[in-house]
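# Structural overview for review
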Amino acid sequence: MIQRLVPHPFLTALLTAVWMLLENTLSWGVFVFALILGLVIPFLTRMWWPNRPKLSRPFKVPEYLVILIWDIIVANVSVAITVVFKRNADMKPAWIAIPLDIRSPEAITCLASTITLTPGTVSADVSSEGAYLLVHCLDTDDPDAVRDEIKSRYERRLKEIFE
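Quick caveat: nothing in here was measured; it's all calculated off a predicted structure.

### Focus on a nonpolar patch on the surface
Together, W28, F31, V32, L35, I36, L39, V40, F43 and L44 line one region of the surface with nonpolar side chains, adding up to about 810 Å² of accessible area. When you line up the elements, L35 lands in helix α3 (residues 28–44). Assessed through its relative accessible area of 33%, L35 is described here as partly exposed.

Right, here's the structure in full:
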């Protein structure tokens, strides 16, 4: 019964939190309205979500988000320094093919989104069988180190969360 009323509990919590942050007001009225939105939107859109993604360790998601936010902040500073102080002729962009150990479409999507959210890198393509992710890096001396860092920092954690 509860599954039918709250088809996506994490989405409900996320929508509620985002609405509270957008309102920038902490009151019961705003919370109740945010909770109503958080319940109604997933309920009305459940027909377009035939298979719910399975999270084997959902308690690892906050850790992943903290790491991601920290990496976004650090990468913003790094890219700003690179753009302002490094000559274009001295930059070493690279295309990197990352072999994927994760197989879940949701996990691959999260990894591609994480890479794109982090300034200085962009996910460009996923191979048809989902075995490789093509990433463009703005400036790197060692593409193998970038690949290894993505695999150890992000993919390993996503594998723990989704598989």
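After presenting the structure, the write-up continues.
### Let's talk about α3
Here α3 is 17 residues long and its end C-alpha atoms lie 24 Å apart, about the 24 Å a rise of 1.5 Å per residue gives. Of all the positions in α3, only V30, A34, G38 and P42 are classed as buried. When α3 is viewed along its axis, its buried side chains cluster within an angular range of 80° and face the same direction. Residues of α3 that are exposed and point over 90 degrees away from its buried face: W28, G29 and L44.

### A word on the pattern of salt bridges
On inspection of all chains with the given rule, the structure shows 11 salt bridges. Between R147 and D148 there is a salt bridge, and its shortest N-O distance comes to 3.0 Å. Here R147 falls in the partly exposed class, since its relative accessible area comes to 24%. What you see here is one network of salt bridges that share partners, running through K60, R156 and E160.

### Here we look at the environment of V61
Considering the arrangement of structural elements, one finds V61 in helix α4 (residues 61–85). C-alpha separation for the pair V61 and L37, spaced 24 residues apart in sequence, amounts to 22 Å.

Reading the values: rules and limits
- Residues numbered from 1 in each chain as written.
- Predicted model: local features only at pLDDT ≥ 70, side-chain atom pairs only at ≥ 80, totals over all residues.
- Heavy atoms only, no water.
- Patch = residues over 30% accessible without salt bridge, like charges linked within 9 Å, V, L, I, M, F, W, Y side chains within 5 Å.
- Areas by Shrake-Rupley, 256 points an atom, 1.4 Å probe, with all protein chains shown as cover.
- Salt bridge = Lys/Arg side-chain N within 4 Å of Asp/Glu carboxyl O.
- Helix = DSSP H or I, 4+ residues; strand = E, 2+ residues; numbered from the N terminus.
- Buried < 20%, exposed > 50% of the residue type's maximum accessible area, 1.4 Å probe, protein only.
- Expected span 1.5 Å × (residues − 1).
- Arc of directions from axis to C-beta.

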